[in-house]
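Here are the chains, one letter per residue:
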Amino acid sequence: MFLPQSPSDECVVILIGPASELSKKPCRVMYSPLGRDSDVCLFYVRGQFFAMDARCAHSGGPLCEGDIEEADGVLQVFCPWHDYGYDLRTGKSGTLLEQQVYEVKLVDGDVYVKHASHLSLRPFPMCKPVRET
Ligand code: FES
């Protein structure tokens, strides 16, 4: 079963949507209410889904806009800014940098991702600061 490991596990399992729809694009951004640094890419490559932090660990490049290729026998996304490659399964790169990856499950045709916050395929509205009078 795809549930948090223990009551202290702060991750939640989030329903993202139907696989039939999500498999139509190689990558989508899943927005986090915690901010841009917590957004996640949902990749669909060769019949499999993968989830990884959307901002590159090097300098914040948008990995969802990167090329996806098999290099050295490893399925990788290449950052569009400086071309670092990250293993879609592990988040490891050929450098010391590593991307956080997240567990993805298919249940009854729906895609679920395990993450510390809610995720949405639509950006969350910006909060306006409240002024005290
Ligand atoms: S920002 Fe991604 S490789 Fe530099």
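It should be noted that the structure appears before, not after, this text.
What you see is a predicted model; the values in this text were computed from it and never measured.

Time to look at the environment of I68. Here I68 is to be found in strand β5 (residues 67–71). Along the sequence, I68 and P26 sit 42 residues apart, while their C-alpha atoms lie 8.6 Å from each other. Leave out the neighbours within four places in its chain, and I68 touches P26, F43, V45 and V77.

The next point concerns the sheet that holds strand β9 (residues 104–107). In a beta sheet, neighbouring strands pair by backbone hydrogen bonds and run either parallel or antiparallel. If you walk across this open sheet you meet the three strands as β1-β10-β9, and the pairing is antiparallel. In this open sheet, the two edge strands, each paired with only one partner strand, are β1 (12–18) and β9. Recorded for the sheet is a direction-independent mean angle of 30° between the axes of neighbouring strands. Pairing of β9 with strand β10 (residues 110–115), which is carried by four bridges, proceeds in the antiparallel orientation. The residue of β10 that forms the bridge with V104 is V113.

The rules behind the values
Residues numbered from 1 in each chain as written. Predicted model: local features only at pLDDT ≥ 70, side-chain atom pairs only at ≥ 80, totals over all residues. Helix = DSSP H or I, 4+ residues; strand = E, 2+ residues; numbered from the N terminus. Contact = placed C-beta atoms within 7 Å. Pairing = 2+ DSSP bridges. Axes fitted to C-alpha atoms, helices over the stretch in contact; angles between N-to-C directions.

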